[in-house]
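The residues making up each chain are set out below.
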Amino acid sequence: PIPLGLGLGAKYTALMLLLLCVLLITTLGGMLVQLLNGYTHIEPGIYLGSYILPELLTFGVLAALSFAVHVLVNNKYIGYAVFIGLWATFTFLLWAALDVSSHLAVFNTAPGIRYSDMNAYGSGLKAYMWFKAYWWAFASVLMVITLFFWIRGKETTMKWRSRLARIRFMENKWLALPALAAWIGLGAWNYYNTKVLNTMTSSDEQEEDAVYYEKTY
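Residues numbered from 1 in each chain as written. Predicted model: local features only at pLDDT ≥ 70, side-chain atom pairs only at ≥ 80, totals over all residues. Heavy atoms only, no water.

## Points about the overall build of the protein chain
A count of helical and extended segments in the protein chain gives seven helices and zero strands. In sequence order, the secondary structure elements of the protein chain are arranged as α-α-α-α-α-α-α. Looking at the protein chain as a whole, 29% of its 217 residues qualify as buried. For the protein chain, the proportion of contacts with a sequence separation of at least 24, taken over those separated by at least 6, is 66%. A total of about 14200 Å² of accessible surface is found on the protein chain, and carbon and sulfur atoms cover 68% of it. Considering the protein chain, the positive charge centre built from 15 side chains and the negative charge centre built from 12 side chains are found 24 Å apart. (Helix = DSSP H or I, 4+ residues; strand = E, 2+ residues; numbered from the N terminus. Buried < 20%, exposed > 50% of the residue type's maximum accessible area, 1.4 Å probe, protein only. Contact = heavy atoms within 4.5 Å. Areas by Shrake-Rupley, 256 points an atom, 1.4 Å probe, with all protein chains shown as cover. Lys, Arg positive; Asp, Glu negative; His and termini not counted. Charge placed at Lys NZ, Arg CZ, Asp CG, Glu CD.)

Right, here's the structure in full:
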């Protein structure tokens, strides 16, 4: 028999490769525009570090959420609606209403990074990578859940799938528990760095600082 995770892994890999092709094509298009406008100092490394890799990291987590939703819902069109609803709710609607801006809560976000000729990506790259690791750990948890509820055969009722998922969990604890531990551990580490060792300025506080600066200077 085909191994349980082979179909899921193949589909996820194919989706990421397709995304990589799209990013490479758009990158080549950007380079072509630069050349047509007389700019010949092309820097592929900046395209890679500032565009291709960040987009892969971002859409990889979104793809994991999409897989989980569609497998659990088991209906293509309802799955689309549920995915968009979850993404919109946990990316900006819910947290904007609650005035929460922490990257630990706002889905699939991380501190921004900017490239500079003076110091490349600077010290912000480390924080960016820690939060991306946190969200990729969450994506691994979603993929494990997807794997446990993966449909093989004609039995598609949620009652049967839930029973089968429990069996698969017992047989694959070595896969589920490390993923969950990594997500919780990275979340605790990022919380410690942003709430205990350092203070994070909210969007409202940044706005207040900007108003104070404008009125004062």
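Next comes the rest of the description.
## Structural notes on the packing of helix H5 (residues 158–171) against helix H6 (residues 173–197)
Across the interface, H5 lies against H6 with an axial gap of 5 Å and an inter-helix angle of 85 degrees. Viewed along their axes, H5 and H6 adopt a mutual orientation that is roughly perpendicular. Contact with H5, carried on its side by Phe169, Met170 and Glu171, involves Lys173, Trp174, Ala176 and Leu177 of H6 and no other residues of that element. (Axes fitted to C-alpha atoms, helices over the stretch in contact; angles between N-to-C directions. Parallel < 35°, antiparallel > 145°, perpendicular 65-115°, else oblique.)

## Describing the environment of Gly124
On the secondary structure map, Gly124 appears in helix H4 (residues 124–148). Between the C-alpha atoms of Gly124 and Ile113, which are eleven residues apart in sequence, the distance is 5.9 Å.

## Thoughts on the packing of aromatic side chains
A complete count under the given rule lists 14 aromatic pairs for this structure. Between Tyr134 and Trp135, the aromatic rings sit 4.9 Å apart at their centres with planes inclined by 70 degrees, giving edge-to-face as the arrangement. With respect to burial, Tyr134 and Trp135 carry one shared label: buried. Taken together, a centroid distance of 5.0 Å and an interplanar angle of 45 degrees make the contact between Phe138 and Trp183 tilted. Here the residue Phe138 occupies a position in helix H4, and Trp183 occupies one in helix H6, the gap between them amounting to 45 residues. In this structure Phe138 comes out as buried when scored by relative accessible area, which is 18%. In this structure an aromatic cluster arises from ring pairing among Phe107, Tyr134, Trp135, Phe138 and Trp183. (Phe/Tyr/Trp six-rings, centres within 6.5 Å; stacked < 30°, edge-to-face > 60°.)

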